[in-house]
Amino acid sequence: QVQLVESGGGLVQAGGSLRLSCAASGRIFRINTMAWFRQAPGKQRDLVASFTSGGSTNYADSVKGRFTISRDNAKNMVYLQMNNLNPEDTAVYYCYAFVDNLSRWGQGTQVTVSS
């Protein structure tokens, strides 16, 4: 069974930074895509940042220039460095991976940004 486990969420003041980590474990042959989504209360789950299968990155307009996604293929990990956070970034952040032709989700980690 493949599992994704996020860590690094928490409470931070506006203008601060957080780094989220996600580790994929279990029987894994190949991970094609890894990404971060977020879901604020009462809203849909939206893409924040992702790697394509070709290795390029994609960001939501609202986080461009502030967030950086990175990946360690050897460790099956993906990271999200979040800088200059604002209250609108408050949400549960979910790790996503397309592993061996199946979509996998983490349990989510709460990020709360106070004004």
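A brief report on the enclosed structure follows. (Residues numbered from 1 in each chain as written. Predicted model: local features only at pLDDT ≥ 70, side-chain atom pairs only at ≥ 80, totals over all residues. Heavy atoms only, no water.)

## A look at the environment of Cys22
Here Cys22 is to be found in strand 3 (residues 18-25). Using a relative accessible area of 0% as the deciding quantity, one classes Cys22 as buried. Once the C-alpha coordinates of Cys22 and Asp46 are considered, the two residues, 24 residues apart in sequence, prove to be 17 Å apart. Here Cys22 is in contact with Leu4, Val5, Glu6, Trp36, Asn76, Met77, Val78 and Cys95, once residues within four sequence places are set aside. (Helix = DSSP H or I, 4+ residues; strand = E, 2+ residues; numbered from the N terminus. Buried < 20%, exposed > 50% of the residue type's maximum accessible area, 1.4 Å probe, protein only. Contact = heavy atoms within 4.5 Å.)

## Quick word on the state of the cysteines
Applying the stated criterion across every chain yields a total of one disulfide. Paired by a disulfide, Cys22 and Cys95 hold their sulfur atoms 2.0 Å apart. Between Cys22 and Cys95, the S-S dihedral sits near -80 degrees, and the bridge is therefore left-handed. Placement of the pair is Cys22 in strand 3 and Cys95 in strand 9 (residues 91-99), with a sequence separation of 73 residues. An identical accessibility class is assigned to Cys22 and Cys95; each is buried. (Disulfide = S-S within 2.5 Å.)

## So, the side chain of Asp89
Tracing the chain through its elements places Asp89 in the loop between strand 8 (77-82) and strand 9. Here Asp89 falls in the buried class, since its relative accessible area comes to 1%. A polar side-chain atom of Asp89 sits 2.8 Å from a polar atom in the side chain of Arg66. What Asp89 contacts, discounting residues up to four positions off in sequence, is Arg38, Arg66, Phe67, Asn84, Val111 and Val113. (Polar contact = N/O pair within 3.5 Å; in protein donor to acceptor, adjacent residues only side chain to side chain.)

## A look at the pattern of salt bridges
Scanning all chains against the criterion turns up three salt bridges. One salt bridge in this structure joins Asp61 and Lys64, with 3.1 Å as the shortest N-O distance. In this structure, Arg66 and Asp89 form a salt bridge, with 2.8 Å as the shortest nitrogen-oxygen distance. Taken together, the positions of Arg66 in the loop between strand 6 (57-59) and strand 7 (67-72) and Asp89 in the loop between strand 8 and strand 9 put the pair 23 residues apart, joining distant regions of the chain. Across the pair, exposure class does not vary: Arg66 and Asp89 are buried alike. Several salt bridges converge on common partners, so that one network encompasses Arg38, Arg66 and Asp89. (Salt bridge = Lys/Arg side-chain N within 4 Å of Asp/Glu carboxyl O.)

## Concerning the nonpolar core
Of all hydrophobic cores here, the largest spans 29 residues; its most connected members are Trp36, Leu80, Met82 and Tyr93. Residue assignment for this core shows that the elements contributing at least two residues are strand 3, strand 4 (31-39), strand 5 (45-51), strand 7, strand 8, strand 9 and strand 11 (109-114). Tallying contributions element by element places strand 9 first for this core, with five residues. Those residues within four positions of Met82 in sequence are excluded, and the remaining contacts are Gly16, Ser17, Leu18, Leu20, Arg66, Phe67, Tyr93 and Val111. (Core = buried A, V, L, I, M, F, W, Y, C linked by side-chain atoms within 4.5 Å.)

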